[in-house]
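Inside the fold
Residues per chain are reported as follows:
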Amino acid sequence: LPPLMLCSIIVILFSKKIKLYKDQTTTRFDSPAHIWDIHSENTGNLNLSRFKNQIQKSSVISLDMPLSKMKVIALESNGKDLAVLDHNGIFLGLISIAKLMQLKNQKQIPIHIVKAESLQLTSSLTDSITFFRKYNTDIAPVLDEKELFLGCIEQKEILKILFPKN
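Given the structure is predicted, the values throughout are model-derived calculations rather than measurements. (Residues numbered from 1 in each chain as written. Predicted model: local features only at pLDDT ≥ 70, side-chain atom pairs only at ≥ 80, totals over all residues. Heavy atoms only, no water.)

One open sheet holds the three strands; their spatial order is E1-E2-E3, and the pairing between them is mixed. Two strands in the sheet have a free side with no partner beyond their single neighbour: strand E1 (60-62) and strand E3 (91-96). Strand-to-strand, the axes of this sheet are offset by a mean angle of 35°, without reference to chain direction. Both strand E2 (residues 81-85) and E3 contribute to a ladder of five bridges, which runs antiparallel. Bridge pairing links Ala83 to Leu94 in E3. (Pairing = 2+ DSSP bridges. Helix = DSSP H or I, 4+ residues; strand = E, 2+ residues; numbered from the N terminus. Axes fitted to C-alpha atoms, helices over the stretch in contact; angles between N-to-C directions.)

Structural data, given as structure tokens:
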């Protein structure tokens with residue numbers, strides 16, 4: 001058993017660097033071989049309004065929060081980015097948790113916000129997949145028809161919808 005464990009550890013360590021073929025991608029979203037199963041007819045017909053209960057406000061910070069509270073939210077988040085709201089609750093963009101954790105001063109936050117589009121409740125699952133790929137993120141902000149911020153939907157929730165466990 002110990003040799004098998006050692007072999008498994010070595011395979012895991014080296015498999016991240018070794019690719020089976022030259023143009024291998026890191027995620028199935030980026031792979032041309034998986035376009036058919038992700039961008040099927042179903043993903044274009046299903047919109048986010050059907051999955052309102054998956055939209056959450058757990059990966060969201062506001063500029064009126066103290067930096068220490070923002071960092072606590074970042075540590076509690078399972079993702080790599082947070083949605084940033086202004087003092088009025090208007091969506092400004094995304095900030096990397098890694099960058100946020102390095103900041104010493106709250107005044108530095110605006111320069112690290114990546115301006116991003118947002119999804120609407122009428123957006124399709126295909127739109128959300130496109131958003132994740134375009135911004136290389138794992139959360140997508142969702143606004144209602146009045147452009148009010150509802151929360152974020154996580155990439156893993158979209159994957160659960162697309163590939164349910166049977």
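Counted residue by residue, strand E5 (residues 139-143) has five buried out of five residues, so it is predominantly covered. Residues Ile139, Pro141 and Leu143 point to one face of E5 and Ala140 and Val142 to the other, with burial holding for every one of them. Two strands pair when backbone bridges link them, and strand E4 (residues 119-120) and E5 are joined in this way by two bridges, in the parallel orientation. Residue pairing across strands places Gln120 opposite Leu143, the latter belonging to E5. Here E5 runs beside strand E6 (residues 149-154); their pairing, made up of five bridges, is antiparallel. Bridge assignment links Ile139 to a residue of E6, and that residue is Glu154. Connecting E5 to the antiparallel partner E6 that follows it, the hairpin turn spans five residues, and Glu147 within it adopts a positive phi of roughly 70°. (Buried < 20%, exposed > 50% of the residue type's maximum accessible area, 1.4 Å probe, protein only.)

Three or four residues apart is the spacing at which side chains of an α-helix point the same way, because the helix has 3.6 residues per turn. Within helix H4 (residues 67-76), burial applies to Leu67, Met70, Lys71, Ile73 and Ala74. The buried side chains of H4 occupy one side of the element, clustering within an arc of 160° when seen end-on. What points out from H4, more than 90 degrees from its buried face, is the exposed set Ser68, Leu75 and Glu76. At its buried positions, H4 is contacted by E1, E2, helix H5 (97-102) and helix H6 (109-112). (Arc of directions from axis to C-beta. Contact = heavy atoms within 4.5 Å.)

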